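# Residue-level structural notes
Each chain, letter by letter, is given below.
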Amino acid sequence: WGLGVPTSYTTISSAITAATAGDTVCVGAGTYVEKVTLSKALILDGYEGSAATFLDGGGVNTVLTANTYAGTAEVRGFTIQNGSGTSSAGVSLSSVKLWLDDVVIADNHCSNTTSSCIGTAVYASGGTLDLTDVAIRDNSATAANIHGTLMYVTSGRIVTAERLTAVDNVASCTGQSAPGIFLNGSSFSGTNVIIAGNSATASDGYCWQIAEIVTLSTSTLNLTNATITGNRLDSGADSATGVVHLY
């Protein structure tokens, strides 16, 4: 392949630089330790699947950032792991259209002792995000305040999900915590969704829905065939444990 990694290019980033909109970057099995910025409407294809192809932030970067392109980009067949940041750590996108297919977002960590972790696994602002066969697991956040350990969706972002699993994510904060899926002026539609086995602690503040869904400021929510079970929260002050928190 002309845009093959590692056959023609040693890194995913260098292949993206060489590509034009509409191209497919074909990535072979392996672990690629790099921060990837997707700035073109192309297909990033881990053709051997998410169990074999790993995009690794090296513990120092947000792993995948998508911005400043027209059209729709697709990322398929990757595990996005080992990201680190003071706000988001796994996937961050702004005002673009992105489709994630057969993607695992795992073992990413946000740490911010003085301010907020926002969208540890996924931060999405504006545009649209389509999720198909996506798993969000084993991500963690430690911060003064936490908003959306699983996902923070804001600024009119439209999210659709088919077969989304979010399990075993952990949040710990000293202030206010809403670390599940946090919608702020946006919409989320999900079919065949599992949110289970997640946990949160707030030592001195409020703990809202570690694994459920918080809606704020004219957000909309539609769920079909959703299972939300086995999630745990422990708050030093008030807590709310319902499936959906509306305010």
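Heads up: these notes are all about the structure in this document. (Residues numbered from 1 in each chain as written. Predicted model: local features only at pLDDT ≥ 70, side-chain atom pairs only at ≥ 80, totals over all residues. Heavy atoms only, no water.)

This model, assessed by the stated rule, comprises two aromatic pairs. Ring centres of Tyr123 and Tyr152 lie 5.8 Å apart, and the angle between their planes is 5 degrees; this geometry places the pair in the stacked category. Highlighted residues: Tyr123 in strand S12 (residues 122-137) and Tyr152 in strand S14 (residues 151-154), separated in sequence by 29 residues. On the basis of relative accessibility, which here comes to 11%, the residue Tyr152 falls in the buried class. (Phe/Tyr/Trp six-rings, centres within 6.5 Å; stacked < 30°, edge-to-face > 60°. Helix = DSSP H or I, 4+ residues; strand = E, 2+ residues; numbered from the N terminus. Buried < 20%, exposed > 50% of the residue type's maximum accessible area, 1.4 Å probe, protein only.)

Our focus in this paragraph is the environment of Val96. Inspection of the secondary structure puts Val96 in strand S10 (residues 91-106). Residue class for Val96 comes out buried when judged on its relative accessible area of 2%. Expressed as a C-alpha distance, the spacing of Val96 and Ser39, which sit 57 residues apart in the sequence, is 9.5 Å.

To continue, consider the side chain of Arg157. For Arg157, the position within the fold is in the loop between S14 and strand S15 (158-167). Buried and without a salt bridge, Arg157 has Asp130 as its closest oppositely charged side chain, separated by 8.2 Å. Other than its neighbours up to four places away in sequence, Arg157 contacts Leu93, Ser94, Ser95, Val96, Ala124, Ser125, Gly126, Gly127, Thr128, Leu129, Ser186 and Ser187. (Lys, Arg positive; Asp, Glu negative; His and termini not counted. Salt bridge = Lys/Arg side-chain N within 4 Å of Asp/Glu carboxyl O. Contact = heavy atoms within 4.5 Å.)

Of the two faces of strand S18 (residues 181-184), both are covered, the one formed by Ile181 and Leu183 as well as the one formed by Phe182 and Asn184. Examined bridge by bridge, S14 and S18 share four bridges and lie parallel to one another. Looking across to S18, one finds that Thr154 is bridged to Asn184. (Pairing = 2+ DSSP bridges.)

This paragraph deals with the state of the cysteines. The final tally for this structure, using the stated rule, is one disulfide. Cys110 shares a disulfide with Cys117; S-S distance 1.9 Å. Taking the sign of the S-S torsion, -95 degrees for the link of Cys110 and Cys117, the bridge is left-handed. Accessibility classification places Cys110 together with Cys117 in one group, the buried group. (Disulfide = S-S within 2.5 Å.)

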